[in-house]
Amino acid sequence: MLKILTKALASTLMLTAAAWSSAQEAYPSRPVKIVVPYAAGGPADLIARIVGERLSPRIGQTVVIENKPGAGGHTGAEQVAKGPADGYTLVLTTIAHNGAVKLYKNLRYDPTTELVPVALLAESPSVLLVNQTVAANDVKELLALARSKPGTINYGSAGNGSAMHMAAELFKHMTKIDYVHVPYKGGAPAMADLLGGQINMLFESVGTAHQHLKTGKVKALAVTSTRRNPSLPDVPTMAEAGVPGYASVPWYTLSAPRGTPPAVVAKLNTEVNAVLRMPDLAQRLEKLGVEPLPGTPEDAARRNAQETERWSAVIQAAGLQVE
């Protein structure tokens, strides 16, 4: 009887292992969701949709983009981090999760340990935009205006800890001039208020700035990279414009909950990299001023760690903290 039970148990274990192995090999067997923790229409949303569109046919499943804004990008990211680690719900993470975590005093999760990088997606410098009514046509004129009217110039952002926020705080710290921060639930609503004149300035992604520059309602004063952006060749770098040493280049990472099977992470990484290496997609992104960043999960982890160290120093030096 014992032999029969032992054989039955062994058979059950073998069937279970085989089923698990088959499930792993079959991944993905249903739609994959990428959560963008910001409002629709911003740079993170744009990059997620462009990549997701091409990723879907490669994995043979629909890739759904879901916007879950709030708490500077942490509402959606926390939900993913605490959700199933099965590879079916991912999140597009930014500087808020991979660089500026020291800004937050009371986060209910730790994005640096509860989320793991699947792949770097892209990087895109920002461009300092001001509303057309602002009496400044270059950075030096903006600095002079802000010094003459301290505390009256405001700027919008996609939320505390967002790339927009950190670029502005670095600018504020390096120029020793105070500006009023107006946080939004995403870059798109912040841009809407810049166009409408409710806020004075915004550090917008180069990738989404072009369409707004065409309206004539905003002016581009400087890009945040160390070299000029090919899509905005006439716009100087911040260093050229009068703030030497300034550099802030947002990057985007596709991340998954901690505990996601390594085989699933590896498959996703392979397919995402294949998408990023598609010549027509690369050209599409580059026209928007966005540079694809194919690489391994280890490359992404290394970039995130380096940026966390760098921005933690900026946050500490500037005395920034958010409850």
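Quick note: structure is the one above.
Keep in mind it's a predicted model, so treat the numbers as computed, not measured.

Some remarks on helix α2 (residues 43-59)
Here α2 contains 17 residues, and its C-alpha end-to-end distance of 24 Å stays within 8% of the 24 Å for a straight helix at 1.5 Å per residue. The axis of α2 is deflected most strongly, by about 25°, at E53, and proline P57 appears within four residues downstream. Those residues of α2 lying buried are P43, A44, D45, I47, A48, I50, V51, G52, L55, S56 and I59. At the exit of α2 stands G60, carrying a positive phi of roughly 75°.

Observations regarding helix α7 (residues 163-175)
Taking 1.5 Å of rise per residue, the 13 residues of α7 would be expected to cover 18 Å, and the 18 Å separating its terminal C-alpha atoms lies within 8% of that figure. Where α7 is concerned, the buried positions are A163, M164, H165, M166, A167, A168, E169, L170, F171 and T175. K176 occupies a position one or two residues after α7 and carries a positive phi of about 60°.

Let's talk about the packing of α7 against helix α13 (residues 297-318)
α13 packs onto α7 with a crossing angle of 50° between their chain directions and a minimal axis gap of 11 Å. Judged on the interaxial angle alone, α13 and α7 are oblique. The crossing of α7 and α13 is left-handed. Residues M166, L170 and H173 of α7 form the contact with α13, whose own contacting residues are R310, W311, V314, I315, A317 and A318. Considered class by class, the residues forming the contact of α7 with α13 number 7 nonpolar, 1 polar and 1 charged.

Observations concerning the packing of α2 against helix α11 (residues 262-276)
Packing of α2 against α11 brings their axes to within 9 Å, and their N-to-C directions diverge by 125°. As judged from the angle between their axes, α2 and α11 are oblique. Like other packed secondary-structure pairs, α2 and α11 cross with a definite hand, here right-handed. Residues V51, R54, L55, R58 and I59 of α2 form the contact with α11, whose participating residues are E271, V272, A274, V275 and L276. Its residues assigned to classes, the contact of α2 with α11 shows 7 nonpolar, no polar and 3 charged.

What to know about the sheet that holds strand β9 (residues 218-223)
In spatial order, the strands read β7-β6-β8-β5-β9; together these 5 strands make up an open sheet with mixed pairing. Looking at the sheet topology across the chains shown, the edges are occupied by β7 (180-183) and β9. Ignoring which end each strand starts from, the neighbouring axes of this sheet average 30° apart. With 5 bridges connecting them, strand β5 (residues 126-131) and β9 associate as antiparallel partners. Its bridge partner lying in β9, V130 is registered against K219. Here helix α9 (residues 206-213) sits on the sheet in contact with β5, β8 (201-205) and β9, set at roughly 120° to β8.

Quick look at the pairing of strand β6 (residues 154-157)
Because side chains alternate across β6, one face comprises the buried residues N154 and G156, and the other comprises Y155 and S157, equally buried. Examined bridge by bridge, β6 and β7 share 4 bridges and lie parallel to one another. Bridge pairing in β7 places G156 opposite V182. The parallel pair β6 and β7 is bridged by α7, and the resulting crossover is right-handed. Sheet topology places β6 next to β8; 2 bridges connect them, and they run parallel. Note on β8: the bridge partner recorded for Y155 is M201.

Parameters and conventions
Residues numbered from 1 in each chain as written. Predicted model: local features only at pLDDT ≥ 70, side-chain atom pairs only at ≥ 80, totals over all residues. Heavy atoms only, no water. Helix = DSSP H or I, 4+ residues; strand = E, 2+ residues; numbered from the N terminus. Expected span 1.5 Å × (residues − 1). Bend = angle between axes of the 7 residues up to and from the residue. Buried < 20%, exposed > 50% of the residue type's maximum accessible area, 1.4 Å probe, protein only. Axes fitted to C-alpha atoms, helices over the stretch in contact; angles between N-to-C directions. Parallel < 35°, antiparallel > 145°, perpendicular 65-115°, else oblique. Left-handed = near helix turned anticlockwise from the far one by under 90°. Contact = heavy atoms within 4.5 Å. Nonpolar A, V, L, I, M, F, W, Y, C, P; charged D, E, K, R; others polar. Pairing = 2+ DSSP bridges. Right-handed = clockwise from strand over helix to strand, strands pointing away.

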